[in-house]
Amino acid sequence: MSAANAHDQTLPPGWAWIPLGLLADVIGGSTPSRDDPQNFGGDIVWLTPTEIPKGTVSIIFDSKEKLTAKGFNSSGVRWIPEGSVLLTSRASIGHVAIAGVRLTTNQGFASFAIHQNIEAKYIAWWLLSEKDHLNQLAKGTTFKEISKSTLKELLVPLPPLAEQRRIVAAIERHLTRLDAVVETLRRDRIKLKNARAALLRDAVEGKLTEGWRASHPVSEDGQALLRRILAERRARWEAEQLEKMRARGQEPRDDRWKQAYREPAGPDTSTLPPLPPGWCWATVEQVSCLVRYGTSAKASRELVGVPVLRMGNIQDGRLDFSDLKYLPDDHPEFPDLLLETGDLLFNRTNSAELVGKSAVYHGNFKKCSYASYLICIRTIEKQISEYLCYFLNSIYGRKWVASVVSQQVGQANVSGSKLEALSFPLPPLEEQRQIVAEVERRLTIIQQAEETIERSLKRAERLRQSILKRAFSGQLVPQDPRDEPASQLLERIQAERARRQREKEGRRPGQRRSGMGAGPGDPSLSGSGPGGVVGSNPQPPEPLDPQQLARPSLWEAESDTGGGEGRSQT
């Protein structure tokens, strides 16, 4: 907390606001030259910020890379004593850990060698609770960084040493229980994702409707459906060509013009697996009358005109309309690029794991268009688009995308011609309706469960912040009047620092003290200023119970949410 804000929060008796620089020596880090490979590959632990776990206080014993003695001596790397608090101070700011061994870091850290009369874990958890504040204090253009001088001036709400230890124990006890609940929620979230994938797989394999199929004979099987669609496709083409000729004032004298019609390519079934009774293989081109790319025109966020769907609007097989851009109503590509109810949108360009995601447009707007990274598939039989969407989003659709995708400037791409050539299993129309109804019913259950989990995870994060806030305002554990107050603790710290300063001044010129950075000066603390006790907090509310996060689940909990391993070693 900054000095300006410290007076807005009163502290319990025996506590005091103390500058962080008075409680610890601040040590920086460095990176030896990578031009010399002999600087690396030794046994000196050397940390980078990406190795610090997020959202917790871990104890670090090892690193991905290690320095040699040459690397250590040839750079500004400094020893950080075991038990010191490590804070990421550059780019990704506010992740905290404790050194489990003597180690070193790169320049992305500010580390704190904590005074022996201060509980290091107390400082570590407090720094973690201040993550948002630290990011606000950071400065920089290329990347944000919080300076060591700024960190030294931060005011720590310091309780007596015995209470520091009680607070740390309470934090870790509460968060251990909370983490067990969060871990269960995350496991359930993975199970729901797997359940969604299994549902789509069973739908396009025919397993989902296996029982229905046995008791419901259909009037038109897949092969007859495909023949009807192909006939309708040709009839539409002939009607369009005839209309064009008549618009030019021409009337055909015979049927030879019909020979220009190109039959769509059918699937090569020699390598395709067998299908359930009544199903057949078809290609996207065979069942569609339009496969078209979207607009490349620059759209606006002003809420005027025709909404334009982009690849980010396709989420988990559905369209999300929360973030839209717009084109004017008189855009020259309209009405050719306006969507119709039942059109299938396919994401043709994206990252490798997202390209190919698809969703069906259900006429949500009077007019709606789509951007160039999407392909619109308009099927002749509207019902097919729903089923085809399931196939594209299933494991089989993902495998097909991986087999045909091309890389272009760091992006994965599937062309419209490849999409038209896609072979997929075509069930009878009546069975497709049953598949769609059953998939939608189960997806609704899965989606509701996912939303419940996301709400619970957000509640868990709020509870985590509440625990930390209560801890550092004196509301998490009771005060004990028998504890030595922080003011007396401060006197001992100041005396120890004065002794160390005298030793330093008596050292020979050029002599270097190993493993400890120079401490800051001792600011004066008096009255109700930053170093004094400024008041008591009102009676706190009852603490929240992490078990309140329990919620109905599709699965039984796999572990006791009240226990589990702690977050860090003690």
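Residues numbered from 1 in each chain as written. Predicted model: local features only at pLDDT ≥ 70, side-chain atom pairs only at ≥ 80, totals over all residues. Heavy atoms only, no water.

1. Observations regarding unusual backbone geometry
1) Next: A cis amide bond links Phe-334 with the next residue in sequence, Pro-335, at an omega value of 10 degrees.
2) Next: Along the chain, Pro-335 turns up in the loop between strand S16 (325-327) and strand S17 (344-347).
3) Next: One non-glycine residue, Ala-91, lies in positive phi territory at about 60 degrees.
4) Next: Relative to the helices and strands, Ala-91 resides in the loop between strand S6 (85-88) and strand S7 (96-99). (Helix = DSSP H or I, 4+ residues; strand = E, 2+ residues; numbered from the N terminus.)

2. Overview of the sheet that holds strand S12 (residues 288-293)
1) Next: Reading across from one edge, S12-S21-S17-S19 is the order of the 4 strands in this open sheet, with antiparallel pairing throughout. Each edge of the open sheet is held by one strand with a lone partner, namely S12 and strand S19 (358-360). For this sheet, the mean inter-axis angle between neighbouring strands, taken without regard to orientation, is 20 degrees.
2) Next: Of the strand pairs in this sheet, S17 and strand S21 (residues 374-379) are connected by 4 bridges, and their pairing is antiparallel. Within S21, the position partnered with Leu-345 by the bridge is Cys-376.
3) Next: Strands S17, S19 and S21 of the sheet are contacted by helix H11 (residues 383-393), whose axis makes an angle of about 160 degrees with S19. (Pairing = 2+ DSSP bridges. Axes fitted to C-alpha atoms, helices over the stretch in contact; angles between N-to-C directions. Contact = heavy atoms within 4.5 Å.)

3. A few points about the pairing of S7
1) Next: Residue alternation in S7 divides its side chains into two sets, Val-96 and Ile-98 and Ala-97 and Ala-99, and both sets are buried.
2) Next: For strand S4 (residues 57-60) and S7, the ladder comprises 4 bridges, and the chain directions are parallel. From the neighbouring strand, Ser-58 faces S7, where its bridge partner is Ala-97.
3) Next: Strand direction decides the pairing type here: S6 and S7, joined by 3 bridges, are antiparallel. From the neighbouring strand, Leu-86 faces S7, where its bridge partner is Ala-97. (Buried < 20%, exposed > 50% of the residue type's maximum accessible area, 1.4 Å probe, protein only.)

4. With respect to the packing of helix H4 (residues 120-129) against helix H7 (residues 161-205)
1) Next: Put simply, H4 and H7 touch, their axes get as near as 8 Å, and they point 55 degrees apart. Relative to H7, the element H4 lies oblique. H4 and H7 meet at a crossing whose hand is left-handed. Across from Lys-121, Tyr-122 and Trp-125 in H4, the residues of H7 making contact are Gln-164, Ile-167, Val-168, Ile-171, Glu-172 and Leu-175.
2) Next: Class assignment of the residues belonging to the contact of H4 with H7 gives a composition of 6 nonpolar, 1 polar and 2 charged. (Parallel < 35°, antiparallel > 145°, perpendicular 65-115°, else oblique. Left-handed = near helix turned anticlockwise from the far one by under 90°. Nonpolar A, V, L, I, M, F, W, Y, C, P; charged D, E, K, R; others polar.)

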